[in-house]
Amino acid sequence: MSRDELRAKLAEFRLETRGVKDVLKKRLKNYYKKQKLMQKEPTNGDSYYDYICVIDFEATCEEDNQPEFTHEIIEFPIVLLNTHTLEIEDTFQQYVKPEINPQLSNFCINLTGITQDHVDKADAFPQVLQNVVEWMRQRELGTKYSYTILTDGSWDMSKFLNIQCRISRIKYPSFAKKWINIRKSYGNFYKVPRNQTKLTIMLEKLGMNYDGRPHSGLDDSKNIARIAIRMLQDGCELRVNERMHGGQLMTVSSSTPVEGAPAPQMPHFRN
């Protein structure tokens, strides 16, 4: 089928018609697959996460990031995606005061849009993490509603959060030990190579433009959530595919049962 024929067929089923040809083919194929499954057995809506928390940290950086440079989290955003309505239901954003390099580089300020004044007035990381835990608890995540975390790549959790917890002398939070790496999910679902899973390329292939300011943690998180919504609409069951174990990044098998993250708790300080 040509791209125009695919779009006409998708329009007939009232499905999204934007995206490159391969994406449209995948969308139509999954629609047919879903229809077949629905005829065979009723779907069980209780087995999937109620919410997905999209997190994309911003961290201190320099133009020529040397290997010994320590990245500290300076923005902690969360976008709360309701998997039933496929809408962004809420957002959280706080800036963080860095401890090791309290003075931001001009490169970092220009890249992220985060000013020196933002971080000077911000709380230190342990307090911000406590605020995150409180925000998540108020939304009954891990108690009334099941949820998981989703990131754009492995670094947010395996590098930035891992390093930040050591700097702040706190244990790694248990609720962030497993997550969905959307780059992996996108590559596997649409059958594209890793070099086509950057945020702007994923948006472009799905027929969307970046909305907001690139490298703003909150705006990046919102755009990642838009990709997640489109993937769920296209029939992808986004599921945990990475985890931290003993301070190391590990892969989670696709055959692992869907299991929500635990109720958020503030981790203890390290001895």
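Criteria and thresholds
Residues numbered from 1 in each chain as written. Predicted model: local features only at pLDDT ≥ 70, side-chain atom pairs only at ≥ 80, totals over all residues. Heavy atoms only, no water. Helix = DSSP H or I, 4+ residues; strand = E, 2+ residues; numbered from the N terminus. Rg over C-alpha atoms; globule rule 2.2 N^0.38 Å. Buried < 20%, exposed > 50% of the residue type's maximum accessible area, 1.4 Å probe, protein only. Areas by Shrake-Rupley, 256 points an atom, 1.4 Å probe, with all protein chains shown as cover. Phe/Tyr/Trp six-rings, centres within 6.5 Å; stacked < 30°, edge-to-face > 60°. Lys NZ or Arg CZ within 6 Å of the ring centre and 35° of its normal. Salt bridge = Lys/Arg side-chain N within 4 Å of Asp/Glu carboxyl O. Pairing = 2+ DSSP bridges. Right-handed = clockwise from strand over helix to strand, strands pointing away.

Draft legend 1. The overall build of the protein chain, seen in detail. A tally of helices and strands in the protein chain yields nine helices and eight strands. Computed over the C-alpha atoms, the radius of gyration of the protein chain is 20 Å, within 12% of the 18 Å expected from 2.2 N^0.38 for a compact globule of 271 residues. If you line up the protein chain on its principal axes, its C-alpha atoms span 55 × 40 × 30 Å. Out of the 271 residues in the protein chain, the part that is buried amounts to 45%. Accessible surface for the protein chain amounts to roughly 14400 Å². Of this, 47% is attributable to carbon and sulfur atoms.

Draft legend 2. Summary view of the packing of aromatic side chains. The full count for this structure, using the stated rule, is 12 aromatic pairs. Their ring planes at 20 degrees and their centres at 6.3 Å tell us that F76 and F125 sit as a pair that is stacked. On the criterion of sequence distance, the pair formed by F76 in strand β3 (residues 73-82) and F125 in helix α5 (residues 125-138) is long-range, its members being 49 residues apart. The pair F76 / F125 is uniform in exposure class, with both members buried. An aromatic cluster is defined as three or more aromatic residues linked by ring pairs; in this entry it consists of F57, F76, F92, F125 and W135. Positioned over the ring face of W155 is K159, at 3.7 Å from the centre of the ring.

Draft legend 3. Region of the structure containing the pattern of salt bridges. With the rule as written, the count across this model stands at 11 salt bridges. One salt bridge connects E12 with K9, and the closest N-O pair in it is separated by 3.5 Å. Placement of both E12 and K9 in helix α1 (residues 3-12) is noted, with a separation of three residues, approximately one turn of the helix. Owing to a relative accessible area of 52%, E12 belongs among the exposed residues under this scheme. Ionic pairing is found between K184 and E242, a salt bridge with its closest N-O pair at 3.1 Å. Here K184, found in helix α7 (residues 182-190), pairs with E242, found in strand β7 (residues 242-245); they are 58 residues apart in sequence, far enough to count as distant. On the basis of relative accessible area, K184 is assigned to the partly exposed category, the value being 29%.

Draft legend 4. Spotlight on the pairing of strand β5 (residues 147-151). The buried fraction of β5 is high, at five of five residues. Judged from the four bridges that link them, strand β1 (residues 51-54) and β5 form a sheet pairing that is parallel. By the bridge assignment for β5, Y51 is matched with Y147. Sheet topology places β5 next to strand β6 (residues 178-181); two bridges connect them, and they run parallel. Residue pairing across strands places L150 opposite I180, the latter belonging to β6. Each parallel crossover has a hand, and for β5 linked through helix α6 (residues 155-167) to β6 it is right-handed.

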